[in-house]
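# What the coordinates show
Listed below are the residues making up each chain.
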Amino acid sequence: QVQLAESGGGSVQAGGSLRLSCVISTDTSARFTGSDYCMGWFRQVPGKEREGVARINLNPGDTNYANSVKGRFTISRDNAKDTLFLQMNNLKPEDTAMYYCAAHRSSLCTIYPTWYEYWGMGTQVTVSS
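The notes below deal with the structure included here. (Residues numbered from 1 in each chain as written. Predicted model: local features only at pLDDT ≥ 70, side-chain atom pairs only at ≥ 80, totals over all residues. Heavy atoms only, no water.)

The next thing to look at is the side chain of Thr-123. Relative to the helices and strands, Thr-123 resides in strand E11 (residues 123-128). The class of Thr-123 is buried, set by a relative accessible area of 11%. One polar contact links the side chain of Thr-123 to the main-chain amide nitrogen of Gly-9, over a distance of 3.1 Å. Ignoring sequence-local partners within four residues, the contact set of Thr-123 consists of Glu-6, Ser-7, Gly-8, Gly-9, Leu-20, Ala-97, Met-98 and Tyr-99. (Helix = DSSP H or I, 4+ residues; strand = E, 2+ residues; numbered from the N terminus. Buried < 20%, exposed > 50% of the residue type's maximum accessible area, 1.4 Å probe, protein only. Polar contact = N/O pair within 3.5 Å; in protein donor to acceptor, adjacent residues only side chain to side chain. Contact = heavy atoms within 4.5 Å.)

Next up, the structure:
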């Protein structure tokens, strides 16, 4: 079984920074390890659809970002430690949301939430003006 757990959320003023972390764990007897998964960050506000923020492929140099965060956010992963990160700089009030990490084993690594199989429980990010 695959499990994910986010951390690092909090409250910050506009222009500030936060770094989110997500640990992915698998059974030692599982067919796949954490490094076998495409991973992504998503966010959602109450009453709105979940949107993709960034994703990273098995090759950590292969990344994509939503236009709204490009140049401000950076996704990275440490495969040896099975950990995913999202560095968020120059935060804006519009970034306020519950942030989720997710993983999937598809041959196509996308930024669309419907492709993802495993999800964390989320960490809240609140940006005030």
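Core analysis: the biggest nonpolar cluster contains 28 residues, and Leu-4, Met-39, Trp-41, Leu-86, Met-88 and Tyr-99 have the highest contact counts within it. If you list the elements that add at least two residues to this core, you get strand E1 (2-7), strand E3 (18-26), strand E4 (38-44), strand E5 (51-56), strand E7 (73-78), strand E8 (83-88), strand E9 (97-104) and E11. Excluding anything up to four places from it in sequence, Leu-86 contacts Leu-18, Arg-19, Leu-20, Trp-41, Val-53, Ala-54, Phe-73, Thr-74, Ile-75 and Tyr-99. With five residues, the next largest nonpolar core counts Cys-38, Phe-42, Ala-102 and Tyr-116 among its residues. (Core = buried A, V, L, I, M, F, W, Y, C linked by side-chain atoms within 4.5 Å.)

Following the sequence through the fold, Thr-83 ends up in strand E8. In this structure, Thr-83 is in contact with Cys-22, Val-23, Ser-76, Arg-77 and Asp-78, ignoring residues within four places of it in sequence.

Purely spatial values, then, with no claim about function.
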